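Report on the structure
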Amino acid sequence: MVKNKMIIFILIMAAIAILAFSGLQKTPKEQNGHPLSGLPMKIAGAYWPGSFWVLIAEKKGWFKEAGLNVEVIFTDTDYFVSLDNMVEGRMDQNNFSLFDYIIYLSQNRDLVFILNPDNSSGVEAIVARPGIETIHELKGKKIAVALGTYLEYELDIFLENQGLSSREVIKVNMHAEKMVRAFAENKVDAIITWEPFVSEAVEKEKGIKLIDTSQIPGMSPNGNVFHRRFIQERPGDVQAYVRVWHKTTQFIKENPDPAFTIIANMYNKTIQEVQTIAQLDKLLDLQDNLTAFSYGSGLNSLHGSWKQMNNFMAKKKVIEKRLKSIDYLDSSWIRNLDQP
Amino acid sequence: MKLSGKIFIYSMGLSIIVIIVITNITIIYTRRIMTANIGREQIAASANLMGEIDRTLFQAHQQILLLSREKVMKEVLEHSLQAKSKIEVDLYHVLNEKFFLTGPWNSLSLISRKGIILESVGRESAGQDIGHDKACSLIFQKAIKSQTMKVSFSDLVFSDYMEEPTIVFAAPVFDDFNQKTLGVIMGHFAWDAVLQLFESANPRVMVHLFNKQGLVIATKTEQRAEILKNRFPGNLKTLNEKIFTLESDHSTATHGGIHKGAVLATVAIQKGRFAYKGHGWYLLKETPLDEIFEPIHKMTIIIVKISLILIAIFAGFSLFIGWYLARPVVLLTRAVQKVAKGDLDFRVKITNKDEIGLLAQAFNRMVEDLDNITVSKDRLVFAREELKKSLQDLTQTQNQLVQSGKLASIGELAAGVAHELNQPLMVIRTTSQLSLRRLGKDIINQSLPDINKLDESFKSIEKNTKRMMNIINHLRTFSRQEEMGLSSLDVNKVFKGCFLMIGEQLKLRNIIIKENFSPALPKVSGDANKLEQVFLNLLSNARDAVVSRAKMENRKEKADFQGEIIITTRVSDKNKDKVQILIKDNGSGIPKDKKDKIFDPFFTTKNAGKGTGLGLSISHGIIKAHGGEIEVVQTGAGGTTFQIKLKIEY
């Protein structure tokens, strides 16, 4: 009897001790010394690999668990409209390609790029008509491209990467949506466009894919962009947001099938379809981000890519003044994750 | 205070002391270790950052050197010098490629010997004269005058050409024979690459890079406006590479308004790397002391919290242990109290196998033994009632015995009493006969009776009748069975009463009574009837002893034997508060071997049918009941002397 009482007493005391010690653990009320606001946060989500983590984290309840009051705004309808919505303040965050980000910055938008969740890895490509097998064979040929856009930038990079100057080809200004038709009508020798037009040109018009973005990593990075004011006012929320990204990215890397199943169910797709689109975009983890945010010359650094784009834009008169990457690429949130 | 309370207080006191001591020791040693570690980490972090800067600049240094050896550069410069036909090389394309593979640069330019910018990437300045930019011109001149393949570089300067701070690296481009300087390859280092290294997770940690002149050349991005404008507030050369504390007047962090108060500072002095010998810069890292000790404070709070939790847990355990350890003692205490109240059936139920358990077992055994050898209260009460009843029976029996003794005495006295009564009867009869005879003679003589003689006869009759009445009344009183009633009485008078009963018998047996009565004998408290019974018993025994001796003397034909009984009453010489009564006879005495048994009930030396053996036993009881003493003070062939002592009544 007494032994039973003693066991019960010890169990109760142990439970109290565990509860008390667990009470010492930090509850997610702050991030790196910054308090969580608890205010709503409108962020973008789309059927795009770089946004998968947002949808998965929301489904898993990891934003809520981190103390964030997140509202996902689906931006599948129109990417550029969603960017306008964000810069106009109707959203707190959106996913920008680095090129578009610089364009918006050149329009005096005070935005900050804090995270590089993905790099385009095969979405954009040069498709040439049958008979043209290499980039060098494009010398003197007509290439359809949307001038002044990141497609022209990518075309220049592709050409330079293969030792060809952009001055050695004939650029034909054209909207991406119209390129396949022009290609089919033999009005151009090659096109540089994005999926699904790339696949359409290859499959329907027997085009040859000469090169795509997967072959030059880092040439077309995408990033999560916040308003600078938002970051200044709600640093705790931003850090928590980045932590959720890190957690979800690890989950996707370690459990790709369950992760893609969530997306497939959400968009009424098959898991194979989700896997196919995921292959067109390289998901970056924390280490990739630390590398990307390090200042460097090459395309493996966001700063290197930035300089390339900056030079391109300056040369093409897309922007009037070169912008300093260090002012708009904020690595501190990623670096904070790397702190013990 | 209860035992459990004491155990609780002692346990708590001990645990609190132990916890406080351990907590303090832990905090003190942890503070020391953490402070030392933080200091080492600060020094290492400063040195690492300085090394990172050196590595970055060394790469730029080496890359500009390698670019100066590129064949394409030589070709372009030779063409420009010789004013040959238009060069086939796309110089921009070449420089652009190098721009993104080396550096990082803000701009990369190939400059002719004459100082004309042949091509530039990063800034549209082709065709311009380098002399327009003072900083660039200075380095260009150094590079062009260099006779060896050596890289010339500036300190951090504000380039008018680049419109931002930069380090200008320049290397001469020689001809294939290394004899003639063809031009200069110049790179404007992207200083942002160094600035980015100053980004820190902790906004309160300040890092400043100073050039030899004490100007800020690098700091955090948000303090970039200080670059090449602000200066170290003290003497930079006094700083060494050890950890030290900077007070607010020398702290750049304080100066920059980041915080107030002292900081922990570490300095790393630039050492350069291989061919890049460095600029002699100073890196100052400042961390507010409160920031440094924050982990220690947090740890202290956690330790204190843990200590409080531990104390609370100990308190709970102490309470329980106090109760647990004291419980058997409490049970034992209760058991002892119950046993003390007489409940010898109670057993303590403790099954512990420790000393307390052994004690409980021993206690139970002890109570069991006690139960076996101890009479309980109920049993005592029962026994007392039994004894009381027995005593009553005995008392009743004793009273009956006394009465029997009396009756026996009366039986024994009956002959004497008859004789006592017979004598006055004889006198009355004789007197009556004599009177009748005289009356008869007078009637015959027809003379008047002699009145005087008749009166004398009637008086004699009356006197003897009265005497008979006294004897009868005394006998009635004596034979009455009464509870003992104490009253103040004169022992001498009691003896007088005895003589009524036995006096004639003694005379009849020719026994002389000698009365040595003290005339001023104090009265005693006693029952006259009972004492008379005692005296009668002693006188009867004396009578029998004297008669027995007389017979023996007669057999010896000693006719001169005179039996006598001497009664003495006086105040005892030894005990002045007592009356001493001595009854001495010159009878046959008591045999020595029977002297000690004479007061035992039913013991007699007389022949069968002559004594009950109760006389002296009853007499002994009566005297004891009076608080007195009765004993044989002398016995033998010359007779026996009984002594009675009774307390004088005051």
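The model shown is predicted, which means the values in this text are computed figures rather than measured ones. (Residues numbered from 1 in each chain as written. Chains lettered and ligands numbered in written order. Predicted model: local features only at pLDDT ≥ 70, side-chain atom pairs only at ≥ 80, totals over all residues.)

This paragraph deals with the overall build of chain A. The number of helices and strands found in chain A is 16 helices and 13 strands. A buried classification covers 45% of the 340 residues belonging to chain A. Looking at chain A alone, contacts between residues at least 24 apart form 77% of all its contacts between residues at least 6 apart. (Helix = DSSP H or I, 4+ residues; strand = E, 2+ residues; numbered from the N terminus. Buried ≥ 20, exposed ≤ 12 C-beta atoms within 10 Å, placed from the backbone. Contact = placed C-beta atoms within 7 Å.)

Bringing the overall build of chain B into the picture now. What chain B contains, in helices and strands, is 14 helices and 19 strands. Counting over 650 residues, chain B shows a buried share of 32%. Restricting to contacts in chain B with at least 6 residues of sequence separation, those with at least 24 account for 64%.

A separate point is the sheet that holds strand E7 (residues 124-128) of chain A. All names here are of chain A. One open sheet accounts for five strands, arranged E9-E8-E10-E7-E11; its pairing is mixed. Two strands in the sheet have a free side with no partner beyond their single neighbour: strand E9 (170-173) and strand E11 (208-212). Neighbour-to-neighbour, the strand axes of this sheet turn through a mean angle of 30°, independent of strand direction. Helix H8 (residues 197-204) rests against E7, strand E10 (190-194) and E11 of the sheet, and its axis sits at about 140° to E10. (Pairing = 2+ DSSP bridges. Axes fitted to C-alpha atoms, helices over the stretch in contact; angles between N-to-C directions.)

This paragraph deals with the packing of helix H2 (residues 49-60) of chain A against helix H11 (residues 256-267) of chain A. Residues and elements named next belong to chain A. Orientation of H2 relative to H11, taken along the N-to-C sense of each, is 90°, at an axis distance of 10 Å. Between H2 and H11, the interaxial angle falls into the category roughly perpendicular. Contact with H2, carried on its side by Phe52, Leu55, Ile56 and Lys59, involves Ala259, Ile262, Ile263 and Met266 of H11 and no other residues of that element. Of the residues contributing to the contact of H2 with H11, the split by class is seven nonpolar, no polar and one charged. (Parallel < 35°, antiparallel > 145°, perpendicular 65-115°, else oblique. Nonpolar A, V, L, I, M, F, W, Y, C, P; charged D, E, K, R; others polar.)

Take the confidence of the model for chain B next. Averaged over all residues, the pLDDT of chain B is 83; the fraction at 70 or higher stands at 88%. Per the prediction output, this complex has pTM 0.62; the corresponding ipTM is 0.79. (pLDDT = per-residue confidence, 0-100.)

This part covers helix H5 (residues 98-106) of chain A. Buried residues dominate H5 of chain A, accounting for seven of its nine residues. Where H5 of chain A is concerned, the buried positions are Leu98, Phe99, Asp100, Tyr101, Ile102, Ile103 and Leu105 of chain A.

Residues and elements named next belong to chain A. Taking 1.5 Å per residue as the helical rise, H11 with its twelve residues ought to reach 16 Å, and the 16 Å between its terminal C-alpha atoms agrees with that figure. Within the sequence span of H11, burial applies to Ala259, Phe260 and Ile263. One side of H11 carries all its buried residues, which in axial view fall inside an arc of 90°. Exposed and oriented more than 90 degrees from the buried face of H11 are Asp257, Pro258 and Asn265. Among the residues trailing H11, Asn268 stands out with phi positive, at a value near 55°. (Expected span 1.5 Å × (residues − 1). Arc of directions from axis to C-beta.)

Here we take up the pairing of E9 of chain A. Residues and elements named next belong to chain A. When strand E8 (residues 142-145) meets E9, the two strands line up parallel, connected through four bridges. Its bridge partner lying in E9, Ala144 is registered against Val172. On the question of chirality, the crossover connecting E8 to the parallel E9 by way of helix H6 (residues 150-161) is right-handed. (Right-handed = clockwise from strand over helix to strand, strands pointing away.)

This next bit is on the environment of Phe317 of chain B. In this fold, Phe317 of chain B is placed in helix H8 (residues 294-340). Sequence-wise, Phe317 of chain B and Phe8 of chain B are 309 residues apart; in three dimensions their C-alpha atoms are separated by 8.5 Å.

This next bit is on the packing of helix H7 (residues 176-184) of chain A against H8 of chain A. Residues and elements named next belong to chain A. Orientation of H7 relative to H8, taken along the N-to-C sense of each, is 10°, at an axis distance of 10 Å. By the angle class used here, H7 and H8 are roughly parallel. Residues Ala176, Met179, Val180 and Phe183 of H7 form the contact with H8, whose own contacting residues are Phe197, Glu200 and Ala201. Among the residues forming the contact of H7 with H8, the class breakdown is six nonpolar, no polar and one charged.

Let us now look at the nonpolar core. All names here are of chain B. Ranked by internal contacts, the top residues of the largest apolar core, which has 166 residues, are Phe140, Val168 and Val184. Look past the residues within four positions of Phe140 in its chain and what remains in contact with it is Ile111, Gly115, Ile130, Ala170, Val184 and Met186. Listed in part, the 32 residues of the second largest apolar core include Ile502, Val524, Leu538 and Phe642. (Core = buried A, V, L, I, M, F, W, Y, C linked by C-beta atoms within 7 Å.)

Glancing now at the sheet that holds strand E6 (residues 111-120) of chain A. All names here are of chain A. Reading across the sheet, the four strands line up as E5-E12-E6-E13 and stay open at both edges, with antiparallel pairing between neighbours. For this open sheet the edge positions go to strand E5 (93-97) and strand E13 (281-283), each flanked by a neighbour on one side alone. Between one strand axis and the next, the sheet turns through 40° on average, direction left out of account. Examined bridge by bridge, E6 and strand E12 (residues 221-227) share six bridges and lie antiparallel to one another. Paired with Leu115 across the strands is Asn224, a residue of E12.

Attention now goes to unusual backbone geometry. For the bond from Glu195 of chain A to Pro196 of chain A, the omega torsion is 10°, close enough to zero to count as cis. Looking along the chain, the bond that leaves Gly103 of chain B and enters Pro104 of chain B is cis, with omega of 10°. Note on placement: Pro104 of chain B falls in the loop between helix H3 (91-101) and strand E1 (105-112). Backbone geometry at Asn108 of chain A places phi at a positive 60°, although glycine is not the residue there. Position of Asn108 of chain A among the secondary structure elements: in the loop between H5 and E6. Overall, the presence of 6 C-beta atoms within 10 Å leaves Asn108 of chain A in the exposed class. One non-glycine residue with positive phi stands out, namely Asn268 of chain A, at about 55°. Structurally, Asn268 of chain A can be placed in the loop between H11 and helix H12 (271-278).

Glancing now at the environment of Lys285 of chain B. Residues and elements named next belong to chain B. Tracing the sequence through the fold places Lys285 in strand E12 (residues 282-288). Assessed through the 26 C-beta atoms surrounding it within 10 Å, Lys285 is described here as buried. Along the backbone, Lys285 and Val205 are 80 residues apart, and their C-alpha atoms lie at a distance of 7.3 Å. Once residues lying within four places of it in the same chain are set aside, the contact partners of Lys285 are Gln42, Ala45, Ser46, Val205, Val207, Ala265 and Thr266.

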